[in-house]
Amino acid sequence: MEKDMAADCIFCKIARGEVPAKKVFEDDMVVAFHDINPAAPVHVVIVPKAHIPSVNEAGLDNAAGFGRVFAAAARIARDLGVDRKGYRIVTNTGKDAGQLVMHVHFHLMAGREFGWPPG
Ligand code: AMP
Ligand code: ZN
């Protein structure tokens, strides 16, 4: 079941190199790439390669992937030169939050000011 979902999943396909993406970072557990529909001057999507649908499925068994996402985020923010001015990391979970891709991912956004609370 999970294997079939991963076969059809756009972010699994990017992780496997089957769909092109403008990658900014990749290691054995994480891939990050520019969002195809950016909502900020810098908008990178950071993805643990394991097919985890959402934060609802986070647990001790897959915690390493989540930890590595944030190690990648720090490095990407430095590499793209936004670490000092600031950036926002957003994860949408479920319908009310507007999650469209059911493979957990973290939006790293920067290059403009962000309102609080978010819309
Ligand atoms: P979410 O609404 O949190 O599920 O966000 C999904 C994000 O993935 C959106 O910002 C999309 O623009 C982005 N996205 C979807 N497909 C691709 C793709 N093939 N390459 C890059 N970004 C994508
Ligand atoms: Zn997936």
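Provided above is the structure to which this section pertains.
For clarity, every value in this text was computed on a predicted model and none was experimentally measured.

**Q** Hey, could you run me through the coordination of the zinc ion (ligand 2) in this one?
**A** Tetrahedral coordination by four donors puts the ideal angle at the metal at 109.5 degrees, and octahedral coordination by six puts it at 90 or 180 degrees. Within the protein, the zinc ion (ligand 2) binds to C9 (SG), C12 (SG), H51 (ND1) and H103 (ND1); these donor distances fall in the range 2.0 to 2.3 Å. Mapping the donors of the zinc ion (ligand 2) onto the primary sequence yields the spacing C-x2-C-x38-H-x51-H. In this pair, C12 sits in helix α2 (residues 10–15) while H51 sits in the loop between β3 (42–48) and α3 (63–79), placing the two residues 39 residues apart along the sequence. Assessed through its relative accessible area of 10%, H51 is described here as buried.

**Q** Please explain the packing of aromatic side chains as it appears in this structure.
**A** Geometrically, a pair of aromatic rings is defined through the distance of the ring centres and the angle of the planes. Summed over the entire model, instances satisfying the criterion amount to three aromatic pairs. Seen in terms of ring centroids, F11 and F33 are 5.4 Å apart; in terms of plane orientation they differ by 65°. Their pairing is edge-to-face. In this pair, F11 sits in helix α2 while F33 sits in strand β2 (residues 30–34), placing the two residues 22 residues apart along the sequence. The class of F11 is buried, set by a relative accessible area of 8%. F33 sits in the buried class, given a relative accessible area of 4%. Between F66 and F106 the ring centres are 6.1 Å apart and the planes differ by 80°, which places this aromatic pair in the edge-to-face class. Placement of F66 in helix α3 and of F106 in strand β5 (residues 106–110) is noted, with a sequence separation of 40 residues between them. A relative accessible area of 15% places F66 in the buried class. Members of the aromatic cluster, each reached through a chain of ring pairs, are F66, F70 and F106.

So, how was this worked out
- Residues numbered from 1 in each chain as written.
- Chains lettered and ligands numbered in written order.
- Predicted model: local features only at pLDDT ≥ 70, side-chain atom pairs only at ≥ 80, totals over all residues.
- Heavy atoms only, no water.
- Donors = N, O, S within 2.8 Å, 3.2 Å for Na, K, Ca; no water.
- Helix = DSSP H or I, 4+ residues; strand = E, 2+ residues; numbered from the N terminus.
- Buried < 20%, exposed > 50% of the residue type's maximum accessible area, 1.4 Å probe, protein only.
- Phe/Tyr/Trp six-rings, centres within 6.5 Å; stacked < 30°, edge-to-face > 60°.

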